[in-house]
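Below, each chain spelled out in residue letters.
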Amino acid sequence: MFESSSKKTNIVGETKYIFVTGGVASSLGKGIISSSVGKLLQARGYNITIQKFDPYINIDPGTLNPYEHGECYVTVDGQETDLDLGHYERFTGIQTTRANNITTGRIYQSVIEKERRGDYLGKTIQVVPHITDEIKRNIKLMGKKYKFDFVITEIGGTVGDIESLPFLEAIRQLRWELGKNAVAIHLTYVPYLAAAKELKTKPTQTSVKQLQSLGIQPDILVLRTEHELNADIRRKVAHFCNVDEEAVIQSMDMPSIYEVPLSMQAQGLDAIILRKTGMPVGETPALGPWRSFLERRKNATEVVDIALVGKYDLQDAYKSILESLAHAGTYNDYKVKPHFVNSEKLTRENIADMLAGMSGVVICPGFGQRGTEGKILAAEYARTHDIPAFGICLGMQMMVIEFARNVLGYADANSREMDEKTPHNVIDIMEEQKNITQMGGTMRLGAYDCEVRPGSRTAEAYGQTHISERHRHRYEFNNHYIGEYEQAGMQCVGTNPDSNLVEIVEIPTLRWYIGTQFHPEYSSTVLKPHPLFMSFVKAAIGYLKDSQAQDKKD
Ligand code: GLN
């Protein structure tokens, strides 16, 4: 499904390293710029990867609240990572691994382990050189071990943060060591002062000065702006910041993040990188499939409304689900309009209103008790009104609980996660999880195989019966109840061949009612939308058309 990250071709000889830093403000879209650079170089035939360094002390974002850090993205090898890795995969189709997201916590952990082992032979361990060396080792590993042509390294946070200093020092050293094989891109913000009707470059100048004071001269500046930057402004920035005029690139707000690579290409960002690293520039790739995706996206004007039932009404918490729905919408020639429905606010009295007009319902993943009864209500409503419904991880578990309560007649059915003493533990703790006390990195994580029952709705959607999907959970379907479920109409159509764990449930008599214990949203990309999302959105469009036809009749 993906291009392998361990492809061992290196057509450039020595690996080239591209560093992406940000200044002035956070959330300027470093992840999108890094992904776009990756996409453009890849389109020229280069073998690329993108890694992110996060300056916080947590070992990984797995223990972070989505309010703090948005969605936690999971790689195939089971690393819980920053959501920017989702962009890297969606833009480039490459597969990332634990080597692609490293935090200050992981760097320190590894240095401290080495110190305890005695690897440092009595030396005093210091930020420079030990921490910086460990950072450099992790950057160079990508080139050395996997032989990538280009390694793009994004540094989280903004220049000036205390936490990012060791990373910037490591980049300073690497640029010196690597010479022409390294390029530094700095992303800043150019605010528009409405009263003065002027774009202001001072914050950019200040940010570049700050970077220079750390010994890093950026080669390329990407300026995030809401208004077109004219030649005078570019010249001024180039002049003040010691950067070539052609290397001052603007990044305007776009209707879609997927337009950014085209805008970067039109301004020659990839060509500049190639020139700076002494590579032949050659012809500009046409990006045909990418352009036709955007074309299709633009032409898809009819809207299908889909509810996301979850406890966070926060875009970033369900980032990959939103993107997967958007991809599937485009390839079904519709615009998916997502609606956040806060599951904590759902009641039996208001559910019809809250879900009115929805042609599909996604019951979202999550942890803990909060908002779960609302998810169960949503599952019931979708099942009894035959609205296409897609339960993902905790969402699937809620579908299973709802079915036990309302169809199997176990009114007290629950997951052990919500009620440890439930007599009908249709969702139970996994055997190997029972004695785990540490929270971080101990769930069932990463890609596992799944066998799908031939003839099922799910098999039809995938077009195959052997699949592999990514997981992030501690609890599972309790196999003790399989017989009862199957008899009553909820089929367990996907299982892991080694452990026999149930991975997929569906009610085949309904339009589209499928729950997956895994997270399909992590593997939908722009050029390869996920088959389950494709099929779900198609069913939602079918539902919409039927209700429109019904309305006409009435
Ligand atoms: N809380 C559930 C579990 O641990 C589901 C997790 C999820 O939705 N990612 O099994």
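Before going into details, it helps to say that this report is about the structure given with it. (Residues numbered from 1 in each chain as written. Predicted model: local features only at pLDDT ≥ 70, side-chain atom pairs only at ≥ 80, totals over all residues. Heavy atoms only, no water.)

1. Notes on the site of the ligand
Every residue lining the ligand is accounted for by Pro365, Gly366, Phe367, Cys393, Leu394, Gln397, Glu417, Arg472, His473, Arg474, Tyr475 and His519. In the model, an oxygen atom of the ligand is placed 2.9 Å from a nitrogen or oxygen of the arginine 474 main chain. Contacts to the ligand include tyrosine 475, whose backbone N or O atom sits 2.8 Å from an oxygen atom. About the coverage of the ligand: the protein hides 99% of its 300 Å² of free accessible area. Spatially, the ligand is embedded in the second largest pocket. (Near = heavy atom within 4 Å. Polar contact = N/O pair within 3.5 Å; in protein donor to acceptor, adjacent residues only side chain to side chain. Areas by Shrake-Rupley, 256 points an atom, 1.4 Å probe, with all protein chains shown as cover. 1 Å grid on protein atoms, 1.4 Å probe; cavity = no way out; pocket = protein on both sides within 12 Å on 5 of 7 lines; lining within 4 Å. Sits in = over half its atoms within 2 Å of the grid points.)

2. Regarding the pairing of strand β22 (residues 502-506)
Counted residue by residue, β22 has 5 buried out of 5 residues, so it is predominantly covered. Between strand β21 (residues 491-495) and the antiparallel strand that follows it, β22, lie 6 residues; asparagine 500 among them carries a positive phi value of about 70 degrees. Two strands pair when backbone bridges link them, and β22 and strand β23 (residues 513-516) are joined in this way by 3 bridges, in the antiparallel orientation. Note on β23: the bridge partner recorded for isoleucine 504 is threonine 516. (Buried < 20%, exposed > 50% of the residue type's maximum accessible area, 1.4 Å probe, protein only. Helix = DSSP H or I, 4+ residues; strand = E, 2+ residues; numbered from the N terminus. Pairing = 2+ DSSP bridges.)

3. A short note on the packing of aromatic side chains
The tally for this structure, following the rule as stated, stands at 18 aromatic pairs. Look at phenylalanine 91 and tyrosine 258: their rings are 5.2 Å apart centre to centre, the planes differ by 45 degrees, and that puts the pair in the tilted class. Here phenylalanine 91, found in helix α3 (residues 84-92), pairs with tyrosine 258, found in the loop between β11 (248-252) and α9 (260-266); they are 167 residues apart in sequence, far enough to count as distant. Neither phenylalanine 91 nor tyrosine 258 differs from the other in exposure class; each is buried. Ring geometry for phenylalanine 403 versus tyrosine 485: centroids 5.6 Å apart, planes at 25 degrees, classification stacked. Taken together, the residues phenylalanine 403 in helix α15 (residues 394-406) and tyrosine 485 in helix α17 (residues 482-488) connect sequence positions 82 residues apart. Its relative accessible area of 3% is what places phenylalanine 403 among the buried residues. Classification of tyrosine 485 by relative accessible area gives buried; the value is 0%. Cluster of aromatic residues (ring-pair linked, three or more members): Phe91, Tyr258, Trp290, Phe293 and Tyr331. The ring of tyrosine 448 has arginine 444 sitting right over it, with the charged end atom 4.3 Å from the ring centre. (Phe/Tyr/Trp six-rings, centres within 6.5 Å; stacked < 30°, edge-to-face > 60°. Lys NZ or Arg CZ within 6 Å of the ring centre and 35° of its normal.)

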